[in-house]
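Residue-level structural notes
Here is what each chain is made of, one letter per residue.
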Amino acid sequence: MELREVPHRMTIVGAGAIGLELGSVWSRLGSQVEFVEMLPIIGSEAIDEELAALYVEELRAQGMRFNLSCKLTAAHVTEHNICLQYETATGEQHELCADVVLVSVGRKSATAGLGLKEIGVKLDRRGAILVNDVCQSVSVPTVFAAGDCTPGPMVAHKSTMEANAVVDHLFGGTRPQLHYGSLPFVVYTQPEAAWVGPSEQRLRSESRHFVVYRFRYNSNMRDTLCPTLDGFVKVIVDADSQKVWLREIFFIYVLGDRCDAGSIGVYTGGDIWRPDRGSGVSGPSRCYDGRLRQLPARAPILQEPQ
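Residues numbered from 1 in each chain as written. Predicted model: local features only at pLDDT ≥ 70, side-chain atom pairs only at ≥ 80, totals over all residues. Heavy atoms only, no water.

Moving on: the nonpolar core. Residues Leu20, Phe35, Ile42, Tyr55 and Phe66 are the most contacted members of the largest nonpolar core, which totals 22 residues. Taken together, the elements giving at least two residues each to this core come down to strand S1 (9–13), helix H1 (17–29), strand S2 (32–36), helix H2 (49–61) and strand S9 (193–196). The leading source of residues in this core is H2, at five residues. Contacts of Ile42, omitting those with residues within four sequence positions, involve Ala15, Leu20, Ile47, Ala52, Tyr55, Val56, Leu59, Phe66 and Leu68. (Core = buried A, V, L, I, M, F, W, Y, C linked by side-chain atoms within 4.5 Å. Buried < 20%, exposed > 50% of the residue type's maximum accessible area, 1.4 Å probe, protein only. Helix = DSSP H or I, 4+ residues; strand = E, 2+ residues; numbered from the N terminus. Contact = heavy atoms within 4.5 Å.)

Turning to the pairing of S1, a few remarks are in order. Taken across its five residues, S1 has four buried, putting it largely inside the fold. As a crossover connection, the stretch from S1 through H1 into S2 is right-handed. Here four bridges tie S1 to strand S7 (residues 100–103), and the two strands are oriented parallel to one another. Bridging from a neighbouring strand, Ile12 pairs with Leu102 of S7. (Right-handed = clockwise from strand over helix to strand, strands pointing away. Pairing = 2+ DSSP bridges.)

Moving on to unusual backbone geometry. For the bond from Gln190 to Pro191, the omega torsion is 10 degrees, close enough to zero to count as cis. In this structure, Ser69 is a non-glycine residue whose phi angle is positive, near 55 degrees. Examined against the element boundaries, Ser69 turns out to sit in the loop between strand S3 (65–67) and strand S4 (71–77).

Next up on the list: the packing of aromatic side chains. Across all of its chains, the model carries two aromatic pairs by this definition. Their ring planes at 0 degrees and their centres at 4.7 Å tell us that Phe35 and Phe66 sit as a pair that is stacked. With Phe35 in strand S2 and Phe66 in strand S3, this pair connects stretches of sequence that are 31 residues apart. You'll find Phe35 and Phe66 in the same group, each marked buried. (Phe/Tyr/Trp six-rings, centres within 6.5 Å; stacked < 30°, edge-to-face > 60°.)

With that out of the way, let us pick up the sheet that holds strand S5 (residues 82–87). Note on sheets: strands pair through backbone hydrogen bonds, and any given pair is parallel or antiparallel. Within the open sheet, the three strands sit side by side as S4-S5-S6. Their pairing is antiparallel. Both outer strands of the open sheet, S4 and strand S6 (93–98), are each paired with one neighbouring strand and no more. Recorded for the sheet is a direction-independent mean angle of 20 degrees between the axes of neighbouring strands. (Axes fitted to C-alpha atoms, helices over the stretch in contact; angles between N-to-C directions.)

This brings us to H1. Between its terminal C-alpha atoms H1 stretches 19 Å, which fits the 18 Å expected from 13 residues at 1.5 Å a residue. Every buried residue of H1 is listed here: Gly19, Leu20, Gly23, Ser24, Trp26 and Ser27. Downstream of H1 by a residue or two, Gly30 has a phi angle that is positive, lying close to 120 degrees. (Expected span 1.5 Å × (residues − 1).)

Right, let's talk about the state of the cysteines for a bit. The bond known as a disulfide is covalent and runs between the sulfur atoms of two cysteines. Enumeration over the complete set of coordinates arrives at one disulfide. Between the sulfur atoms of Cys83 and its disulfide mate Cys97 the distance is 2.1 Å. Note on the Cys83 and Cys97 pair: the S-S dihedral is about 105 degrees, so by sign convention the disulfide is right-handed. With Cys83 in strand S5 and Cys97 in strand S6, this pair connects stretches of sequence that are 14 residues apart. There is no disulfide at Cys149, and the cysteine sulfur nearest it, in Cys135, is 9.0 Å away. On the accessibility criterion, Cys149 (24% relative accessible area) is partly exposed. (Disulfide = S-S within 2.5 Å.)

Right under this line is the structure:
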């Protein structure tokens, strides 16, 4: 954010949400943006592989470059640029030079200097306060913590959920249930990508019995009337009960709409996160109690019995 001009070449270390969001901005401003990412996919370890594959291809089509499954080994600053050395999964060595390097990995809780250790508050290796199911310190009962200073995803709606739980517990005498499995995630690039619940590959690894529904956004009349028709929705439900485990949305330039998982209205285990809204969601299904109520008659749907 301190850059005075748009760099000709920018390298971003880490293709997680923050790296992708900033890279998407600088790419649209005119930079040649290239990523070095240790994982074989972009977005998150938790993202569905099918969504990630479509996502990276769309960003590549915009001109962004991705070096996946690569480990950064060295860096040095020259008179004119910054050069990084990285190693591929097969052991090949490469060098990448740029005008600017953005390091977008290694976030940790900013709890240093607060005197927490001095009063006995236990922290994990990343400095987060270890808490129980109501966000109470496991070692000092009078200390409560919520948000980025606790373990787990560093997202605003998790902070809000935990803070509300603390207030309800302290002043309402209740013990709220925090459903982290229903926590939505979104990457604010253009296009945006969002998801909630376990990925298809995770369900397969757990030998779960499920059915996959897919459809593209041009099956929705509102999106058909928009200049750009691309978009992708994926719903994974229990094969027997039709309970929703996962819905993933992949927007590509849907005008005036947002692809945030808060408006996806996907509920894990039957728990309602928030009311179903947004044109893309009401198209593929309506889900008010965790059950799949409706699928679009016109949408091309692929069912995959497991």
